[in-house]
Amino acid sequence: MDTVRIAAVGAGVMGLSTAVCISKLVPRCSITVISDQFTPETTSDVAAGMLIPPVYPDTPIHKQKQWFKETFDHLFAIANSAEAKDAGVLLVSGWQIFRSIPTEEVPFWSDVVLGFRNMTEDELKKFPQHVFGQAFTTLKCEGPAYLPWLEKRLKGSGGLILTRRIEDLWELHPSFDIVVNCSGLGSRQLAGDPKIFPVRGQVLKVQAPWVKHFIRDGSGLTYIYPGISNVTLGGTRQKGDWNLSPDAEISKGILSRCCALEPSLRGACDIREKVGLRPSRPGVRLEKELLAQGSRRLPVVHHYGHGSGGIAMHWGTALEAARLVSECAQALRTRAPKSKL
C-alpha cells in the first residue's frame with residue numbers, strides 16, 4: 001500500500017487541525033477534509049476562542065493539561081510570528097473574578113498561561129461585587145481567521161477539501177482507507193453516540209476598541225474578550241437547546257451583565273448577535289474503532305466532544321488523533337500483501 005488515503009469528516013477547528021497534523025505526522029498518505037459546512041458557517045467561527053480551558057469530568061487532569069499546553073505552545077509560536085494577524089492569534093491580559101472564593105484557587109492550567117497570580121486588593125476595587133480574582137495573560141485564537149489559515153496550510157501540504165454531506169461513514173469505503181470522525185454534534189448520527197449533546201452559546205460581537213483587557217466571571221457565564229477586530233461579549237450555556245436563532249432578550253441580558261463589569265461598554269456600537277452549538281459530552285472522545293460489515297473493514301479515529309474547550313484544546317488533541325491515525329496506517333501497511341516482483 002503506497003499511499004494511505006485518509007478522510008477527515010468535519011471542517012471546524014477539529015477537522016482542519018487534525019488534517020494538518022496528519023499531513024505532517026503520517027508518512028505517505030493523502031488527506032481529504034469532507035464537510036457540508038465550512039468557515040464562516042461552523043461552530044468554531046462563533047467561539048470566542050480564549051485559551052481558558054474547561055474541566056472534563058471523564059478525562060484525567062494530566063491528559064487535559066498536556067492537551068492545553070501543546071495547544072498553548074503551538075498558538076504562542078504563531079502569536080510571536082509574522083503569521084499572527086493572518087491566523088487571528090493574539091496575546092490578551094486580564095482578570096478572572098469570583099463572587100466567592102473558589103474551591104480550587106489554582107486551576108490545573110495556571111502554570112501554562114503567562115504570569116498567573118492572585119489579584120491585588122486594589123485591582124479588585126474595579127469589581128466591587130467580587131471578592132477574589134486571578135490575573136494572567138493568555139491567548140485568543142479567532143476562528144474566522146484561524147480556520148482559513150489552517151485550510152491554506154492544509155492545501156499547501158497537498159491536502160484536499162471536498163464539500164459533501166456524509167450520512168454514514170461507510171459511504172467513504174472503499175474510496176478511503178481510514179476515516180477520522182471530527183463531526184462534533186454530527187456524531188450523534190455518524191457514530192451513534194447518545195452521550196453528545198448541544199450546549200447553546202449566544203454571544204455579541206461589538207465595536208469597543210478602547211477595551212483592552214479580558215474580564216471573565218468565574219462562573220463562565222459573563223465575559224468580555226477583546227479581539228483583533230471586535231470585542232466578544234457573552235454568554236449562555238443552554239444544555240440540549242438546538243435553536244440557532246438569536247434571542248433578543250438574551251442579548252439584552254448579556255449586554256447588561258457585561259456593562260455591570262465594564263461600564264464603558266455602554267458606548268459600544270455595531271452590535272451583532274451570534275449563536276453556536278457546542279458539541280459537549282462528559283469527556284472528549286479520542287479513540288480508534290474498527291467498523292466491520294461482513295468482510296469489509298473501516299478503521300475510524302473519533303475526535304470530537306470538546307464542548308466549550310474546542311479551541312483551548314484543539315492542537316493537543318489533534319496531535320493525539322494524528323498519532324492514532326498513524327497507528328492505523330501502520331497496521332494497514334503490515335496487513336497489505338507484498339506485491340510480487
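Residues numbered from 1 in each chain as written. Predicted model: local features only at pLDDT ≥ 70, side-chain atom pairs only at ≥ 80, totals over all residues. Heavy atoms only, no water.

## Observations regarding the UniProt feature "binding site: FAD" (unreviewed entry) in the chain
When the UniProt feature table is mapped to this numbering, "binding site: FAD" (unreviewed entry) covers Thr43 and Ser44. By the element assignment, Thr43 lies in helix 2 (residues 43-46). Look past the residues within four positions of Thr43 in its chain and what remains in contact with it is Leu277 and Arg278. A relative accessible area of 12% means that Ser44 is categorised as buried. With sequence-adjacent residues up to four places away left out, Ser44 is seen in contact with Gly12, Val13, Gly143, Leu147 and Ile311. (UniProt positions renumbered as here; feature names shortened; annotations may be inferred. Helix = DSSP H or I, 4+ residues; strand = E, 2+ residues; numbered from the N terminus. Contact = heavy atoms within 4.5 Å. Buried < 20%, exposed > 50% of the residue type's maximum accessible area, 1.4 Å probe, protein only.)

## Re the UniProt feature "domain: FAD dependent oxidoreductase" (unreviewed entry) in the chain
UniProt records the feature "domain: FAD dependent oxidoreductase" (unreviewed entry) for residues 6-324 in the present numbering. Taken end to end, residues 6-324 is 29% helix and 33% strand, and its two terminal C-alpha atoms sit 12 Å from one another.

## A word on the packing of aromatic side chains
We describe a pair of aromatic rings using the distance from one ring centre to the other and the angle between the two ring planes. Evaluated as defined, the whole model comprises eleven aromatic pairs. Judged by centre distance (5.9 Å) and plane angle (20 degrees), the ring pair of Tyr146 and Trp149 falls under stacked. With Tyr146 and Trp149 both in helix 6 (residues 143-156), this residue pair falls three residues apart, about one helical turn. The exposure classification of Tyr146 matches that of Trp149, with both residues buried. (Phe/Tyr/Trp six-rings, centres within 6.5 Å; stacked < 30°, edge-to-face > 60°.)

## Section: the packing of helix 1 (residues 13-25) against helix 6
Between two packed helices, the angle of one axis relative to the other and the distance separating the axes together describe the packing. Taken N-terminus to C-terminus, the directions of helix 1 and helix 6 make an angle of 30 degrees; their axes are 9 Å apart at the nearest point. The pairing of helix 1 with helix 6 is recorded here as roughly parallel in orientation. Two packed elements cross with a definite hand, and for helix 1 against helix 6 that hand is left-handed. Across from Val13, Leu16, Ser17, Ala19, Val20 and Lys24 in helix 1, the residues of helix 6 making contact are Tyr146, Leu147, Leu150, Glu151, Arg153 and Leu154. Class assignment for the residues of the contact of helix 1 with helix 6 results in eight nonpolar, one polar and three charged. (Axes fitted to C-alpha atoms, helices over the stretch in contact; angles between N-to-C directions. Parallel < 35°, antiparallel > 145°, perpendicular 65-115°, else oblique. Left-handed = near helix turned anticlockwise from the far one by under 90°. Nonpolar A, V, L, I, M, F, W, Y, C, P; charged D, E, K, R; others polar.)

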